[in-house]
Amino acid sequence: MSNAYSKDLERWMPRLIAVWRASRGRGGGAGPETRLTPQEVKEVAAGVRQLSLGLTRERQLAGARYMDDPKLLGAYLLFYWPVSYAQARQVLGELPNRPRQVLDLGSGPGPVAFAALDAGGGQVTAADRSKAALTLARNLAAEAGEALATRDWDPTKKGATLPDGQFDLITMGHVVNELYGTGDAATAPRAALLETILAKVKRGGSLLVMEPALRETSRGLLHVRDAMVAKGYAVRAPCMYRGPCPALVKETDWCHAERAWPMPRVVEELARAASLHKESLKMSYLVLAPKDEAWPELTPGRLFRIVSEPLEGKGRHRYIGCGPEGRVGLAMQERHRNERNERFLKLNRGDVISVTETEPKGDGLALDERTEVRVVAPAGKGVPPPPPKEDAPSSPGTGPRPGAPS
């Protein structure tokens, strides 16, 4: 799989290994092979297993200061750092503008911060409560020859203040789900925190919240999304539906993204040693606009974002789509395939498509040989705005005044 950021990620792997070894007092670079020794793989995989259990299964590490544990911080650096970097590069591709001033809150050792730098961010500040994680972030910046500012930020402390200034982009990678406990009671304080943070975002800028793709964490983010929409905030991505999230209607539903990615060899080795599966990137995310900004104008057409894997049946292709009209099933019989609609058979979760000529059927829409299917935004790319309206021709006598700018 070729991604725009694959070479950038390849360059980070030897830096991560070199900084990890230096932090363990072992010194020496990683060399061109970017390989870990068998003993190193075994050592790091034990930490990866512990993090996976504590953050995705039993969840007892959620909110804990695991970044202050050298073993767990090292496991994060070599396994979850590349994953978070790749996730961020995917989502940053959906921003409407390239950010210049970026603040990464809850940064850890900086995967999202460095992703923002590599995506064109000019000045990036990483903020976290773990001094050990920020030290690794600074060491990575030195190893890469990058300028990265760091600040202390602990959202669990009463009266915690955000760094000074206004920002084009503020990011929070896998942070919000670890704050304010669990369940419905966490929604209001999380939304209040996001509202405070959005006050630091410049007009035209964005707040990016990225979360694990677990059912609990994904639905938690959707509840926060609904709270923010109810307060009048607009969603830049991934949502095109402006009402309460339709994925919350059924307790069994949730919404997350899934992307193919160029998995580094070190991550593959550690996943295998830790008995984990990381063939694809999975995450939930939300890009919010500052207060009083409108929802994005969408390109014309009947639009749906594909929010499921292919749900194939005998002689039929089906997906769940979500767009301005809500969440619906989209299905087409194989016998209706033609050059106008064959793109429907090869869609990826996250693609935004336009469809024509559909018929209501069951819980969704049926596509047939009359239907035209067009991908208007592949997964990881922003939905294009409508084309600019042509200016009306000037009436006689209404042209520019002599000397006036034209």
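For the structure itself, look to the data block above.
Described below are features of the structure shown in this document. (Residues numbered from 1 in each chain as written. Predicted model: local features only at pLDDT ≥ 70, side-chain atom pairs only at ≥ 80, totals over all residues. Heavy atoms only, no water.)

### Some remarks on the overall build of the protein
- For the protein, the helix and strand inventory stands at eight helices and 15 strands.
- Going through the 406 residues of the protein one by one, you find that 53% of them count as buried.
- Sequence separation of 24 or more characterises 70% of the internal contacts of the protein that already satisfy a separation of 6 or more.
- If you sum the accessible surface of the protein, you get close to 19,300 Å²; carbon and sulfur atoms cover 50% of it. (Helix = DSSP H or I, 4+ residues; strand = E, 2+ residues; numbered from the N terminus. Buried < 20%, exposed > 50% of the residue type's maximum accessible area, 1.4 Å probe, protein only. Contact = heavy atoms within 4.5 Å. Areas by Shrake-Rupley, 256 points an atom, 1.4 Å probe, with all protein chains shown as cover.)

### Regarding the pairing of strand β12 (residues 352-355)
- Alternating residues of β12 divide into V352 and S354 and I353 and V355, and every residue in both groups is buried.
- Sheet topology note: the β12/strand β15 (residues 373-377) ladder contains four bridges and is antiparallel. In the strand pairing of β15, V355 is matched with V373. (Pairing = 2+ DSSP bridges.)

### Concerning the packing of aromatic side chains
- As enumerated under the stated definition, the model contains seven aromatic pairs in all.
- Between the aromatic rings of W12 and W81, the centroid separation amounts to 5.2 Å while the plane-to-plane angle is 50°, which identifies the pairing as tilted. Of this pair, W12 sits in helix α1 (residues 6-23) while W81 sits in helix α3 (residues 70-92); the two residues are 69 residues apart in sequence, bridging distant segments of the chain. Exposure class is identical for W12 and W81. Each is buried.
- Centre to centre, the rings of W81 and F114 are 6.1 Å apart; their planes meet at 40°, and the pair counts as tilted. Separated by 33 residues along the polypeptide, W81 in helix α3 and F114 in helix α4 (residues 111-118) bring together distant segments of the chain.
- A network of ring pairs unites the aromatic residues W12, W81, Y85 and F114 as a single cluster.
- The aromatic ring of W12 is capped on one face by R15, whose charged end is 4.5 Å from the ring centroid. (Phe/Tyr/Trp six-rings, centres within 6.5 Å; stacked < 30°, edge-to-face > 60°. Lys NZ or Arg CZ within 6 Å of the ring centre and 35° of its normal.)

### Structural notes on the pairing of strand β7 (residues 257-260)
- Side-chain alternation along β7 places A257 and R259 on a buried face and E258 and A260 on a face that remains uncovered.
- In this sheet, strand β8 (residues 280-288) lies alongside β7 in antiparallel orientation, the contact comprising four bridges. Bridge pairing in β8 places R259 opposite L281.

### Section: the nonpolar core
- In this structure, W81, L148 and L270 are the most contacted members of the largest nonpolar core, which totals 63 residues.
- Not counting the four nearest positions on each side in its chain, W81 is found in contact with W12, L16, Y76, P109, G110, P111, F114 and L140.
- L194, M228, A234 and L286 belong to the second largest nonpolar core, which has 31 residues in total. (Core = buried A, V, L, I, M, F, W, Y, C linked by side-chain atoms within 4.5 Å.)

### Section: the sheet that holds strand β11 (residues 326-333)
- One open sheet holds the seven strands; their spatial order is β13-β14-β11-β10-β9-β12-β15, and the pairing between them is mixed. Lying at the two open borders of the sheet, with one neighbouring strand each, are β13 (358-361) and β15. Direction aside, the axes of adjacent strands within the sheet are offset by 40° on average.
- Bridge count for strand β10 (residues 316-323) against β11 is eight bridges, and the pairing is antiparallel. Note on β11: the bridge partner recorded for R316 is Q333. (Axes fitted to C-alpha atoms, helices over the stretch in contact; angles between N-to-C directions.)

### Quick notes on the packing of α1 against helix α5 (residues 131-144)
- Contact geometry for α1 and α5: axes closest at 10 Å, N-to-C directions at 130°. The orientation of α1 with respect to α5, classified from their angle, is oblique. By crossing handedness, the relation of α1 to α5 is classed as right-handed. Every residue of α5 that contacts α1 at W12, R15, L16, A18, V19 and S23 is listed here: L136, N139, L140, E143 and A144.
- Counted by class, the contact of α1 with α5 contains seven nonpolar, two polar and two charged residues. (Parallel < 35°, antiparallel > 145°, perpendicular 65-115°, else oblique. Left-handed = near helix turned anticlockwise from the far one by under 90°. Nonpolar A, V, L, I, M, F, W, Y, C, P; charged D, E, K, R; others polar.)

### Quick word on the packing of α1 against α3
- Closest axis-to-axis distance for the α1/α3 pair is 10 Å, and the angle between their directions is 160°. In terms of axis orientation, α1 runs roughly antiparallel to α3. In terms of crossing hand, the pair formed by α1 and α3 is right-handed. Facing α1, whose interface residues are D8, L9, W12, M13, L16, I17, V19 and W20, α3 presents G74, L77, L78, W81, P82, Y85, A86 and R89.
- Class assignment for the residues of the contact of α1 with α3 results in 13 nonpolar, one polar and two charged.

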